[in-house]
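# A closer look at the structure
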Amino acid sequence: FIKWKPDEPPFRLSLIIDTETRAKKTFMKRSERGKLLGRRLRGEQNPESLFGRYASLATRYFREAAQRDHTYATAHNNLACVYFPKSEFSSAVGELDKAVSLDPSSPEAFNNRAVAYFKLGSRLKVDLREKTEADLLKAIELKPDYADALFNLAYFYKLSNRKKEKDIYTKHFTAHSSDKELINI
């Protein structure tokens, strides 16, 4: 569904779904949310238009959740993901720094911060490849079968012209992912 520009790498981000814990306590009842969302989504099929329409709403909810509970790493991770399509990579890094400090056992936060570092470095023409690689390796250390981080690391190595490492992590990704069509990294 995502149309990547030719010069943009197809890195994979990781939202953390949290339906039964703090988020449930923070917002309206599920039945009320479902009715409201159902009314809003009727007739809209295009994922890009849906994202554009609801990105500001998601940003507001994630920001509110993070403000209500400053120790809620999931809200910071998910808020950072909303910044990517808007190319606000510096803001994403800031939120992900908070997520990592609050939950240093979150492979999703390390994976997403690595992508944010890479995108920010590319935009600012600054070499953040060491930070990118370190965060991706940390995500895989925390969760060895984590397909998103395996894919991102293989793709990172491809962009860095490190064929041997790319081949190793492409093989690991293939072993741990059902997304076999993405193997043309």
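Residues numbered from 1 in each chain as written. Predicted model: local features only at pLDDT ≥ 70, side-chain atom pairs only at ≥ 80, totals over all residues. Heavy atoms only, no water.

## Description of the overall build of the protein
Let me state the cut-off plainly: In DSSP terms, a helix is any run of H or I states spanning at least four residues, a strand is any run of E spanning at least two, and both are numbered starting from the N terminus. Throughout, exposure labels follow a simple rule: accessible area from a 1.4 Å probe, protein chains only, divided by the maximum for the residue type, with under 20% read as buried, over 50% as exposed, and the rest as partly exposed. We get accessible surface area from the Shrake-Rupley algorithm with a probe of 1.4 Å; when it comes to residues, only the shown protein chains can shield them.
On a plain count of helices and strands, the protein comes out with 9 helices and 0 strands. Listing every helix and strand of the protein by position from the N terminus yields α-α-α-α-α-α-α-α-α. Here the protein holds 185 residues, and 41% of them are scored as buried. Of the accessible surface of the protein, which amounts to about 11,000 Å², a share of 55% is contributed by carbon and sulfur atoms.

## Some points on the environment of N78
Inclusion rule: Note on definitions: a residue-residue contact is assigned when non-hydrogen atoms from the two residues lie within 4.5 Å.
Within the element layout of this structure, N78 appears in helix 4 (residues 73-83). Counting along the chain gives 64 residues from N78 to S14, while the straight-line C-alpha distance between them is 8.1 Å. Setting aside residues no more than four positions away along its own chain, N78 makes contact with L15, I16 and F62.

## Describing the packing of aromatic side chains
Selection criterion: Side-chain rings of Phe, Tyr and Trp, where Trp is taken by its six-membered ring, are said to pair if the distance between their centres is within 6.5 Å; with planes under 30 degrees apart they count as stacked, over 60 as edge-to-face, and otherwise as tilted.
Per the counting criterion, the structure on display carries 6 aromatic pairs. Measuring from centroid to centroid gives 6.4 Å for F151 and Y155, while their planes differ by 5°, and the two rings are stacked. Of this pair, F151 and Y155 both sit in helix 8 (residues 147-159), separated by 4 residues, roughly a single helical turn. The residues F151 and Y155 share a single accessibility class, namely buried. Geometrically, the ring pair formed by F156 and Y157 is tilted, given 5.6 Å between the ring centres and 50° between the ring planes. Each residue in the set F118, F156, Y157 and Y169 is aromatic and connected to the rest through ring pairs, giving one cluster.

## Re the packing of helix 4 against helix 5 (residues 89-102)
Put simply, the test is: Axis definition: a line fit to C-alpha positions, over the contact stretch in the case of helices; interaxial angles, taken between N-to-C directions, run 0 to 180 degrees. Angular relationships are summarised with four words: roughly parallel below 35 degrees, roughly antiparallel beyond 145, roughly perpendicular across 65 to 115, and oblique for the angles in between. With the far helix as reference, a near helix turned anticlockwise by less than a right angle produces a left-handed crossing, and one turned clockwise produces a right-handed crossing. For this scheme, ten residues count as nonpolar: Ala, Val, Leu, Ile, Met, Phe, Trp, Tyr, Cys and Pro. Four count as charged, namely Asp, Glu, Lys and Arg, and the remainder, Gly too, count as polar.
Two elements in contact, helix 4 and helix 5, have axes separated by 8 Å at closest approach and are oriented at 160°. Considered as vectors, helix 4 and helix 5 are oriented roughly antiparallel to each other. Taken as a pair, helix 4 and helix 5 cross one another with a handedness that is left-handed. Taking contact as the criterion, the partners of A73, H76, N77, L79, A80 and Y83 in helix 4 are, on helix 5, S91, A92, E95, L96, K98, A99 and L102. Its residues placed into classes, the contact of helix 4 with helix 5 shows 8 nonpolar, 3 polar and 2 charged.

## Observations concerning the environment of L142
Structurally, the position occupied by L142 is in helix 7 (residues 129-142). Residues L142 and S106, spaced 36 residues apart in sequence, show a C-alpha to C-alpha distance of 7.5 Å. Leaving out residues up to four positions away in the same chain, L142 has contacts with P104, S105, S106, P107 and F110.

## Describing the pattern of salt bridges
Rules: By definition here, a salt bridge exists when the distance from a side-chain nitrogen of Lys or Arg to a carboxyl oxygen of Asp or Glu is within 4 Å.
Taken as a whole and judged by the stated rule, the model has 10 salt bridges. Notably, a salt bridge pairs K98 with E95, separated by 3.7 Å at the nearest N-O pair. Highlighted residues: K98 and E95, both in helix 5, separated by 3 residues, approximately one helical turn. The class of K98 is partly exposed, set by a relative accessible area of 40%. Relative accessible area serves as the criterion here: at 11%, E95 is assigned to the buried category. Beyond isolated ion pairs, a larger network of salt bridges with shared partners links D97, R113 and D135.

Nothing here speaks to function; it is all geometry.
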